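Summary of structural features
Each chain, letter by letter, is given below.
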Amino acid sequence: MSGAAGLIRYRAKIEDPKDAGVMLSTLAIGLASGVGLYLFAIFAAVFVWGVLWVIESIDPEPYMLFDLAITAKDSAGLKEPIEGVLRRRRIPFELRSTSSEEICYEVKLPLDTHTDKVSEALMSLNPAQSVNVKWEHKKETK
């Protein structure tokens, strides 16, 4: 109750509407159990849990947006193997630019994927030449 009162009193911003719904639902469940409506509180808790489970399963996987630049002497020959590595790891990508020495992609890296593992895979594509991999975090524009 004090959490909801704090939101109203201090006019706190809630960025995700789902968070506001959860806060108000838990407030209602707490009030229901406080006045002795235990069966209603249990039903409401199970219902809210089920709705949140469905909503969370529909939400896209969270990711971080990166500019990925790969530099090599023969970058054109590495384009297909690079894209193969990204596809095998289920990393969405979009080619941004290509030149004789550099290929740039915009990459949506899932939060549970580490850049160092992907970088190692990309650098091992052609051990005969030096392949440089550079990740630059991008702010997502809406």
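Here we summarise the structure given alongside this text. (Residues numbered from 1 in each chain as written. Predicted model: local features only at pLDDT ≥ 70, side-chain atom pairs only at ≥ 80, totals over all residues. Heavy atoms only, no water.)

Judged by nonpolar contacts, the single largest core of 18 residues is most densely connected at Leu68, Ile70, Ile82, Tyr105, Val118, Leu122 and Trp135. Elements supplying a minimum of two residues to this core: β1 (63-71), α4 (75-88), β3 (102-110) and α5 (115-123). Not counting residues within four places of it along the chain, the set of residues in contact with Ile70 comprises Ile82, Glu101, Glu102, Ile103, Tyr105, Leu122, Val131, Asn132 and Val133. (Core = buried A, V, L, I, M, F, W, Y, C linked by side-chain atoms within 4.5 Å. Buried < 20%, exposed > 50% of the residue type's maximum accessible area, 1.4 Å probe, protein only. Helix = DSSP H or I, 4+ residues; strand = E, 2+ residues; numbered from the N terminus. Contact = heavy atoms within 4.5 Å.)

Moving on: the pattern of salt bridges. If you walk through the whole model with that rule in mind, you get eight salt bridges. Close ionic contact of Glu83 with Arg87 constitutes a salt bridge, the shortest N to O distance being 3.6 Å. In this pair, Glu83 and Arg87 both sit in helix α4, four residues apart, roughly one turn of the helix. Residue Glu83 is classed as buried on the basis of its relative accessible area of 6%. The salt bridge partner of Glu106 is Arg96, with a shortest N-O separation of 2.9 Å. Placement of the pair is Glu106 in strand β3 and Arg96 in strand β2 (residues 93-98), with a sequence separation of ten residues. Given the relative accessible area of 14%, Glu106 is considered buried. Within this structure, Asp67, Glu94, Arg96, Glu106 and Lys138 form a network of salt bridges that share partners. (Salt bridge = Lys/Arg side-chain N within 4 Å of Asp/Glu carboxyl O.)

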